[in-house]
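Residues per chain, in single letters:
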Amino acid sequence: MEVGVVLPTAGPKATPENVTTVARWAHELGFGSVWATDHVILPERVESWYPYRSHGRWDYPPDTPWMDPLLALLHAGAVAPGLRLGTSILVAPLRHPVLLAKQVATLDVLSDGRVILGVGAGWLREEFELVGASFADRGRRVVEMVELMRTLWTGQTVHWEGRYYRVCGARMSPRPVQDRIPVVWGGHSEAALRRAARSGDGWHPTQIPLGDLRDGVRRLRDLWQKAGRDPEGLLVVARPGTTYPITPQTHAEHLEIGVTHLVADTPLRDPGMAALREEMERVAEVCGLRRR
């Protein structure tokens, strides 16, 4: 199992210096990847149901700093060679797929093939309205986006006539270094699992109980088999967040479930770095990571 850590790209610790510091710590402590979260713009008022709190309320003020995840990962990757660079989770429907394909391919080229693209449909209706993107059809649209981006990444001439996008008689270069950039789907609904089975390389649920994680992996393996895909190649990226701690017991359960990547969160609201370093050291010890 590869173990990663969320970079301080949001909240009071979101500074260029802290991003590179955590990337260096991750490399030193034996982590295999760093991850960045995503919000483009925060509304003053949120009425949407926040799926990652039991009370369903979004509890971050609109002036919360939130770095662009792809640019932040590029910054981190420059000082931590060898670490994989993942998005957790990039809200793809807020963007145009051609521009996003170019950005992701460029990040893969500049990092020598280290990108893991975690994508999701998103939940914050107000954010979609602020960027002028349709919210109601975001699920169907994001599936087409991923399929179109994969086509663009081949470097071949594209003739794409989709339900939402049209790209005809054009090529995109440079191609990503990886023959296939891993795409892991966020979300924990049946629709999210079906997206992962249809066009993904794996599943990246965040902040769900271990029982739900186990059930979801079992369901996804079944969907992969029905689609004629080998579930042995399935990537499972677990990010417990505040739902449960990473302990020797939960780490053993992750291994039993078949988690391939474990992502540890770092304290978002604490402006200091000491607690962040302490948590990284604790997780590294629990997971048996070797210092470099």
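Reading the values: the criteria
Residues numbered from 1 in each chain as written. Predicted model: local features only at pLDDT ≥ 70, side-chain atom pairs only at ≥ 80, totals over all residues. Heavy atoms only, no water. Core = buried A, V, L, I, M, F, W, Y, C linked by side-chain atoms within 4.5 Å. Buried < 20%, exposed > 50% of the residue type's maximum accessible area, 1.4 Å probe, protein only. Helix = DSSP H or I, 4+ residues; strand = E, 2+ residues; numbered from the N terminus. Pairing = 2+ DSSP bridges. Right-handed = clockwise from strand over helix to strand, strands pointing away. Contact = heavy atoms within 4.5 Å. Phe/Tyr/Trp six-rings, centres within 6.5 Å; stacked < 30°, edge-to-face > 60°. Lys NZ or Arg CZ within 6 Å of the ring centre and 35° of its normal.

1. Some points on the nonpolar core
Membership of the largest hydrophobic core comes to 72 residues, with the highest contact counts inside it found for Phe31, Val34, Leu213 and Met280. Of the residues forming this core, the biggest block, 7 residues, is contributed by helix H5 (residues 138-152). In terms of nonpolar packing, the next biggest core, distinct from the first, is built from 8 residues, Tyr50, Tyr60, Trp123 and Leu124 among them.

2. Some details on the pairing of strand S5 (residues 115-120)
S5 sits mainly inside the fold: 6 of its 6 residues count as buried. Across 2 bridges, strand S3 (residues 84-87) lies against S5 in parallel orientation. Across the sheet, the residue bridging to Gly86 is Ile116, located in S5. When strand S4 (residues 90-91) meets S5, the two strands line up parallel, connected through 2 bridges. For Val91, the partnering residue across the bridge sits in S5 and is Gly120. The parallel pair S4 and S5, bridged by helix H3 (residues 97-110), forms a crossover whose chirality is right-handed.

3. Some points on the environment of Gly120
Mapping Gly120 onto the fold places it in strand S5. Relative accessible area serves as the criterion here: at 7%, Gly120 is assigned to the buried category. Not counting residues within four places of it along the chain, the set of residues in contact with Gly120 comprises Ile89, Leu90, Val91, Ala92, Pro93 and Val142.

4. So, the packing of aromatic side chains
On inspection of all chains with the given rule, the structure shows 8 aromatic pairs. Seen in terms of ring centroids, Trp58 and Trp123 are 5.4 Å apart; in terms of plane orientation they differ by 50°. Their pairing is tilted. Highlighted residues: Trp58 in the loop between strand S2 (33-36) and helix H2 (69-77) and Trp123 in the loop between S5 and helix H4 (125-131), separated in sequence by 65 residues. Taking the relative accessible area as the measure of exposure, Trp123 reaches 15% and is therefore buried. In textbook terms, an aromatic cluster arises when at least three aromatic residues are bridged by ring pairs, as seen for Tyr50, Tyr52, Trp58, Tyr60, Trp66 and Trp123. Directly above the aromatic system of Phe135 lies the positively charged group of Arg138, at a separation of 3.8 Å from the ring centroid. Note that Arg229 overlies the ring of Trp224, its terminal NZ or CZ placed 3.8 Å from the centroid.

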